[in-house]
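A closer look at the structure
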Amino acid sequence: MSEPVPLTGTGTTGRGPAKAPSRRLSPALRYVLRRLLQAVLVMMLVMVGSFLLVKLAPGDMVDAMAGTRDLTADQIAGLRERYGLDQSVFVQLLRYMALLATFDFGYSPINAAPAMDVILARLPVTAILVVCSVSLSMVIGTLFGILASRFAGKAVDLGISMFMLLLYATPSFIIAILLILVFAVKLRWLPIAGFESVGMGYTGLTYLKDVAAHLILPVTALCTFYIAIYGRIGRASMLEVLKLDFVRTARGKGLTEGRVFYVHALRNALLPLVTMAGLQVSSLFGGAVLIETIFGLPGMGRTAFDAVFQRDTNLLLGVVFISSLAVVIVNFVIDMLYMVLDPRVNLK
Amino acid sequence: MTTMNRRSFLSTLAAAGVVPAVMAGSRRALAQTSGGVLRTPAWPAPTFLNSAVSTGGPESFLSPKFYDGLLGYEYGMVPKASLATEWSMSDDGLTVEFKLRDGVKWHDGEAFTARDVAFTFMEVLKVHHGRGRTTFAALESVETPDDLTAIFHLSRPTPALMRALDSRESPILPAHLYEGTDIMANPVNTAPVGTGPFLLENYEIGANVVMVKNPDYWDEGFPRLDRLVIQYIADPATRVAMLESGQADAIFLNQIPAQEILRLAELPEFEMTTDGFEAMPSAQQMDFNLDNEILANKTVRHAIAHAIDVNWITQNVWYGMGQPGRSPLHFDQRAYFTTEGVPSYPYDPARANELLDEAGYPRGAGGMRFALTLDPSPWGTESITAASYIKEVLRQVGIDVTIRTQDFAVFVQTVYTDRTHDLALYTASMGVDPTIGVHRFYNSASFLPGTGFSNGAHYVNPEVDALLNAASIETDEAARVQEYADFQRLAYEDLPVLKVTDISMATIANVRVKDHTVDALGALGSLKQCWIEE
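Just so it is clear, the model here is predicted, and its values are computed rather than measured. Residue indices follow the written sequence of each chain, beginning from 1 at its first position. Chain letters start at A and ligand numbers start at 1, both assigned in the order the entries are written. In keeping with the predicted nature of the model, local features appear solely for residues at pLDDT of at least 70, side-chain atom pairs appear and are counted solely at 80 or more, and the whole-chain, interface and lining totals rest on all residues.

This part covers the sheet that holds strand β1 (residues 37-42) of chain B. All names here are of chain B. Pairing is mixed across the open sheet formed by 4 strands, whose spatial order is β1-β10-β9-β8. Of all strands in the sheet, those with a lone pairing partner are β1 and β8 (198-204), marking the two edges. With direction set aside, neighbouring strand axes in the sheet form an average angle of 15°. Bridge count between β8 and strand β9 (residues 208-213): 6 bridges; the pairing is antiparallel. Bridging across to β9, Leu199 finds its partner in Val212. Two strands pair under a simple rule: DSSP has to find at least two bridges between them. A run of H or I in DSSP becomes a helix once it reaches four residues, and a run of E becomes a strand once it reaches two; helices and strands are each numbered from the N terminus. To define axes, lines are fitted to C-alpha atoms, for helices over the stretch in contact only, and angles between the resulting N-to-C directions are given on a 0 to 180 degree scale.

A word on the UniProt feature "domain: Solute-binding protein family" (unreviewed entry) in chain B. UniProt positions are given in the numbering used here, feature names are shortened, and annotations may be inferred rather than shown by experiment. Mapped onto this numbering, the UniProt entry annotates "domain: Solute-binding protein family" (unreviewed entry) at residues 80-431 of chain B. Across residues 80-431 of chain B one finds 26% helix and 23% strand; the C-alpha atoms that close the span lie 19 Å apart.

Per the UniProt annotation, the sites labelled "domain: ABC transmembrane type-1" (unreviewed entry) are residues 123-338 of chain A. Between the end C-alpha atoms of residues 123-338 of chain A the distance is 27 Å, and the span holds 82% helix and 0% strand.

Within this structure's numbering, the places UniProt gives as "transmembrane region" (unreviewed entry) are residues 36-54, 127-148, 160-185, 211-229, 269-295 and 315-341 of chain A. Measuring from the first to the last C-alpha atom of residues 127-148 of chain A gives 31 Å, for a span that is 100% helix and 0% strand.

Turning our eyes to something else, we now look at the pairing of strand β19 (residues 507-510) of chain B. All names here are of chain B. Exposure in this text rests on C-beta crowding, where 20 or more other C-beta atoms within 10 Å of a residue's own make it buried, 12 or fewer make it exposed, and counts in between make it partly exposed. The C-beta atoms are placed from the backbone. Alternating residues of β19 divide into Thr507 and Ala509 and Ile508 and Asn510, and every residue in both groups is buried. Where strand β11 (residues 250-251) meets β19, 2 bridges bridge the pair, whose relative direction is antiparallel. Paired with Ala250 across the two strands is Ala509, which belongs to β19. Of the strand pairs in this sheet, strand β12 (residues 270-273) and β19 are connected by 4 bridges, and their pairing is antiparallel. If you follow Thr273 over to β19, its bridge partner there is Thr507.

Sheets are built from strands paired through backbone hydrogen bonds, the pairs being either parallel or antiparallel. Residue and element names in this part refer to chain B. Across the sheet, which stays open at both edges, the 6 strands sit in the order β14-β18-β13-β17-β15-β16 with mixed pairing between neighbours. A single partner strand is all that each edge strand has here, and the edge strands are β14 (322-324) and β16 (399-403). Averaged over all neighbouring strand pairs, the angle between strand axes comes to 25°, with direction disregarded.

Turning our attention to the interface of chain B and chain A. Placing a C-beta atom from the backbone of each residue, one calls two residues in contact when those atoms lie within 7 Å. In this complex, chain B contributes 44 residues to the contact, which on the side of chain A involves 41 residues. Mapped by element, the contributors of at least two residues to the side of chain B that touches chain A are β1, β9, β10 (227-232), α6 (236-244) and α12 (408-418) of chain B. Note on residue classes: Ala, Val, Leu, Ile, Met, Phe, Trp, Tyr, Cys and Pro are nonpolar, Asp, Glu, Lys and Arg are charged, and everything else, Gly too, is polar. Residue composition of the side of chain B that touches chain A, grouped by class: 20 nonpolar, 18 polar and 6 charged.

In structure tokens:
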């Protein structure tokens with residue numbers, strides 16, 4: 001690591017008194033603690049806010065059940081009592097918070113199972129989908145961005161920019177439908193529904209291949225928009241950084257153009273891309289609702305859709321809670337990464 | 001059978017049961033291929049895997065694969081043996097005796113006995129089943145003189161009962177696993193132990209259900225499928241693509257849009273059938289809230305009926321998959337449906353205008369006479385689509401309609417609890433017997449605010465009540481036919497509910513899928529005869 005970027009964050013390890021004066025350790029730690037406190041506050045707000053929002057809507061879970069199961073008025077009253085829906089909203093909120101404190105989301109009536117069990121079964125599907133999409137779109141998008149900036153103003157740049165614009169402008173559900181039509185219905189190459197070939201009893205490598213085949217189309221559909229975003233941000237960021245003084249210095253020192261471009265400039269140009277990754281994870285949970293629904297993936301997004309449709313309040317709140325937790329954690333990690341990557345982050 | 005004599009309907013049904021059980025499941029089938037995996041996408045996912053505790057659609061489809069009923073039904077709802085091998089009813093219609101099949105085992109190896117039958121009817125169906133409460137209301141006790149005999153004692157004749165004994169409507173549950181437990185919370189509800197042709201292999205909540213052949217099934221040679229895989233897929237377009245790309249073999253119960261069913265049916269790889277849905281005739285209909293003083297006026301209701309072309313809706317919203325509504329009953333309720341003497345309301349805007357003028361609602365400023373709200377049910381898209389059409393045609397006769405779309409819970413609350421609706425448009429099951437599906441919309445005793453899909457119009461006509469109450473206990477079939485004919489005339493003259501479309505359900509399957517629909521229950525039954533051609 002020879003580039004001129006001071007690594008502020010390394011001081012926090014607190015090893016050896018010589019290079020890490022206590023005056024520098026303390027603001028970093030305080031910064032971390034402040035971010036943590038913010039994260040907890042956000043989670044509290046999400047919890048209370050989402051609970052009240054759900055309660056504001058007219059009609060409840062028992063109304064939805066009554067409509068499909070031919071219940072009598074007595075049974076309806078019994079169900080409201082069973083699920084505590086006959087209590088005031090305030091009492092319900094207190095009960096809910098007490099439940100959450102034990103990391104329990106309550107019972108999910110539409111699944112006849114604890115909401116936590118349902119969510120834990122779905123979480124891996126969404127996690128895999130999100131991780132694959134973020135990493136793939138980041139890598140591909142960044143590569144496109146670098147390539148475009150390397151040949152800025154030339155035909156390659158123009159071609160890539162046009163392509164990025166197309167990906168950027170096409171909604172993911174349109175891409176999903178096109179992918180289904182081409183790769184499943186016409187060519188019959190890829191599966192389109194579910195996380196695996198259900199009931200086939202695959203194990204080992206066959207199972208992994210099967211899951212991978214099921215993920216290709218949904219991940220592609222989720223990626224396209226973000227490939228365009230990373231491509232455009234990556235290009236702009238590179239061009240920006242290449243104009244800075246330290247790049248001129250590096251060139252002045254006689255470093256090769258390749259080294260200046262790929263080592264010195266690239267590392268600094270990555271900062272906005274990291275920010276973007278944080279935003280992407282957050283919005284992917286939203287995008288996953290659509291893609292999981294289209295591709296019949298039993299993930300968190302699909303669960304949210306089911307829960308909303310059938311008014312399974314506990315399940316819905318559980319999904320919102322877990323998704324928010326994931327987003328808050330990712331943002332926390334991004335903040336920490338920033339502290340490491342960017343010396344300009346104000347620790348005060 | 002000779003000419004229709006005084007022999008009661010019930011005895012006719014009962015007599016059919018005396019035919020030996022050997023008739024059940026035709027043996028010619030054994031000469032043919034069997035085996036294969038049937039994959040079908042569906043939506044929504046079930047809560048339970050058992051339709052004794054829920055009348056929901058997903059449960060009703062799954063349950064008959066795990067559980068058996070006392071009877072099955074040939075086309076025309078003619079009873080056939082299942083867990084019961086013989087049945088007979090007393091002349092007064094108050095006692096029904098069932099001889100049960102010997103040697104039937106539950107999936108856990110325990111023997112099936114009359115105790116299971118008594119327990120299921122008395123403790124589960126009469127208490128927890130939405131329709132069972134009504135259907136078996138008169139069932140006072142089930143006597144079990146020995147392990148293979150169950151005698152039903154009724155407080156009054158219940159003709160509908162003999163049509164509701166199949167595995168979909170009344171599956172028999174294992175008493176040894178349910179007795180003494182909180183039935184709604186019993187874990188067997190999601191881990192079924194039945195006597196049926198399939199065993200549960202894997203259940204991923206909300207995602208899929210995988211079943212395997214029950215090797216010890218009492219009906220030798222069945223089921224023919226090795227596996228049955230149901231995947232819950234929310235997007236109808238994906239379900240279509242699965243079938244078209246060969247990733248699914250069949251789609252039952254109109255789980256894809258009608259235009260797609262019709263398009264696929266044109267392709268050589270697929271076959272469509274509308275058979276096998278007699279047990280659940282469904283219809284789209286519109287309630288007039290009679291508590292609204294404008295709609296309480298019969299002339300206004302007639303005018304609205306003349307302003308709406310139900311044939312247009314059937315052809316364009318339902319893509320011709322059904323028949324325009326002509327009576328409170330569904331055309332598939334073949335024994336009782338009639339149009340003879342039933343008033344009809346042909347599309348005639350001029351007549352509608354005339355009637356509205358006559359009713360004392362002349363056009364005011366802007367050409368409008370009065371305003372109404374229309375709440376379409378969001379269950380399926382057809383009611384929402386038809387609502388837009390109705391808004392436009394009613395505007396043409398001077399009625400200003402505001403459509404209120406909402407989610408299902410809010411729809412149920414608005415229409416059945418708060419009753420703040422004027423017009424409510426929805427689809428509903430008309431029942432395997434009118435007692436089960438139709439009475440609830442017209443009987444004044446069914447005006448039950450808070451109960452979904454009850455008498456939402458708040459219709460009260462003592463004459464209609466008398467006819468419905470008589471038909472529900474009528475043991476003389478000819479008299480019952482007459483009572484329902486009179487009911488249809490009267491109720492369609494009063495018109496508290498406008499029948500829009502009697503829906504035809506359809507199954508669309510790859511031609512390789514054989515024998516999925518062989519009786520009145522079709523794929524809603526056990527699917528034990530079904531097999532896949534290699």
